[in-house]
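Residues per chain are reported as follows:
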Protein chains: 2
Amino acid sequence: MTEPRFTGGLVPVVVVDSGTREVLMVAYADREALELTRKTGFAHYYSRSRRKIWKKGEESSHLQRVVRILVDCDEDTLLYEVEQEGVACHTGHRSCFYRTLEGEEIAPRILDPEKVYGKDKGSQRTDAEG
Amino acid sequence: MTEPRFTGGLVPVVVVDSGTREVLMVAYADREALELTRKTGFAHYYSRSRRKIWKKGEESSHLQRVVRILVDCDEDTLLYEVEQEGVACHTGHRSCFYRTLEGEEIAPRILDPEKVYGKDKGSQRTDAEG
């Protein structure tokens, strides 16, 4: 068991669809979030803006079942291979990486974001907070 | 053109093989590294340990030709889709994510790391510095 390096208490996590290999999002984990992920089999992260641990999908029901956790060569970045329920992005896109730096959308919106979190929360949430 | 958010001057970059979609590495870019990447078409990063901009492959010749740059929903993470020359990892593996958190190697070493950078540098370099 490799213990990753937590910089400032956090390690970045690249989240990939275990089937298609698509990069879904990038988030951060602290030691406790990683432990919860390993213990429960569902992705947990640490929200830097809300300053607390969150289970992905706890409100949206778009859970991520973690199939495998990889660590990079210098052990300061993790990669979760997940089975993504629904969509990863709070905008209703499957992946948070749905447009180019020039602003071209390369992937469709699959869900109405208001339906992801409910009308009051849809516009505020940054569930894929990086 | 979306201007990403640089946190502490840096934005994390997930680097993906444009053909296989494999996640090759994670590195960081400052504004200048991103500009150099866009201008030259080859991936540039900012090394936090060496505190300078580096062109991926400048010593190893394992260049990354950048096909497309994506930005995530909240604009604080980039994704480079690249054509990777040789290997991305200084260990000689194609990807820096070559083992599980439990320590199992899931991908073979393709190159002798001493051949990547030369005998004197092979063991020191963290070219895929995250």
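Scroll up to find the structure.
Residues numbered from 1 in each chain as written. Chains lettered and ligands numbered in written order. Predicted model: local features only at pLDDT ≥ 70, side-chain atom pairs only at ≥ 80, totals over all residues. Heavy atoms only, no water.

K.L.:
Got a sec to walk through the pairing of strand β6 (residues 78-84) of chain A? Specific residues and values, please.
P.N.:
Residue and element names in this part refer to chain A. Counting buried residues in β6 gives 6 out of 7 residues, a clear majority hidden from the surface. Bridging between strand β1 (residues 11-17) and β6 involves 5 bridges; their strand directions are parallel. Bridge pairing in β6 places Val15 opposite Tyr80. The pairing of strand β5 (residues 64-71) with β6 spans 7 bridges and is classified as antiparallel. Bridge pairing links Gln64 to Gln84 in β6. (Buried < 20%, exposed > 50% of the residue type's maximum accessible area, 1.4 Å probe, protein only. Helix = DSSP H or I, 4+ residues; strand = E, 2+ residues; numbered from the N terminus. Pairing = 2+ DSSP bridges.)

K.L.:
I'd like a description of the packing of aromatic side chains, backed by residues and values.
P.N.:
All names here are of chain A. Evaluated as defined, the whole model comprises 4 aromatic pairs over all chains. Ring centres of Tyr45 and Trp54 lie 5.3 Å apart, and the angle between their planes is 45 degrees; this geometry places the pair in the tilted category. For Trp54, a relative accessible area of 0% puts it in the buried group. Ring pairs connect the aromatic residues Tyr45, Trp54 and Tyr80, which therefore count as one cluster. (Phe/Tyr/Trp six-rings, centres within 6.5 Å; stacked < 30°, edge-to-face > 60°.)

K.L.:
Explain the sheet that holds β6(A) to me, using residue names and the numbers behind them.
P.N.:
In spatial order, the strands read β2(A)-β1(A)-β6(A)-β5(A)-β7(B); together these 5 strands make up an open sheet with mixed pairing. Strands with a single pairing partner mark the edges of an open sheet, and in this sheet they are β2 (23-29) of chain A together with β7 (99-100) of chain B. The pairing of β1(A) with β2(A) spans 6 bridges and is classified as antiparallel. Bridge pairing in β2(A) links Val14(A) to Val26(A). Set on the sheet, helix α1 (residues 31-40) of chain A makes contact with β2, β5 and β6 of chain A; between it and β5(A) the angle comes to about 120 degrees. (Contact = heavy atoms within 4.5 Å. Axes fitted to C-alpha atoms, helices over the stretch in contact; angles between N-to-C directions.)

K.L.:
An account of the pattern of salt bridges is requested, with residue identities and associated values reported.
P.N.:
For the structure shown, the criterion picks out 14 salt bridges over all chains. Here Glu102(A) ties to Arg38(B) by a salt bridge, and the two come within 2.6 Å at their closest N and O atoms. You can see Glu102(A) sitting in the loop between β7 (99-100) and α2 (113-117) and its partner Arg38(B) sitting in helix α1 (residues 31-40), one on each of two chains. Assessed through its relative accessible area of 37%, Arg38(B) is described here as partly exposed. Of the charged contacts, one joins Arg94(B) and Asp17(B) as a salt bridge, the two residues approaching to 2.4 Å between their closest N and O atoms. Of this pair, Arg94(B) sits in the loop between β6 (78-84) and β7 while Asp17(B) is found in strand β1 (residues 11-17), placing the two residues 77 residues apart along the sequence. Linked through salt bridges whose partners overlap, the residues forming this network are Arg5(A), Asp76(A) and Arg48(B). (Salt bridge = Lys/Arg side-chain N within 4 Å of Asp/Glu carboxyl O.)

K.L.:
I'd love a proper account of the relation of the copies chain B and chain A, names of residues and values included.
P.N.:
Mapping between the two chain copies consists of a rotation about an axis together with a translation along that axis. Expressed as a screw transformation, the operator carrying chain B onto chain A has a rotation angle of 180 degrees and an axial translation of 0.0 Å, and the superposed copies differ by an RMSD of 0.0 Å. Each copy turns onto its partner about a two-fold axis. When C-alpha positions in chain B are compared against the rotation axis, the closest is assigned to Arg21(B), at 3.2 Å. A share of 100% of the interface residues of chain B reappears at the interface of chain A, consistent with the copies meeting face to face through the same patch. (Least-squares fit on C-alpha atoms with pLDDT ≥ 70 in both.)

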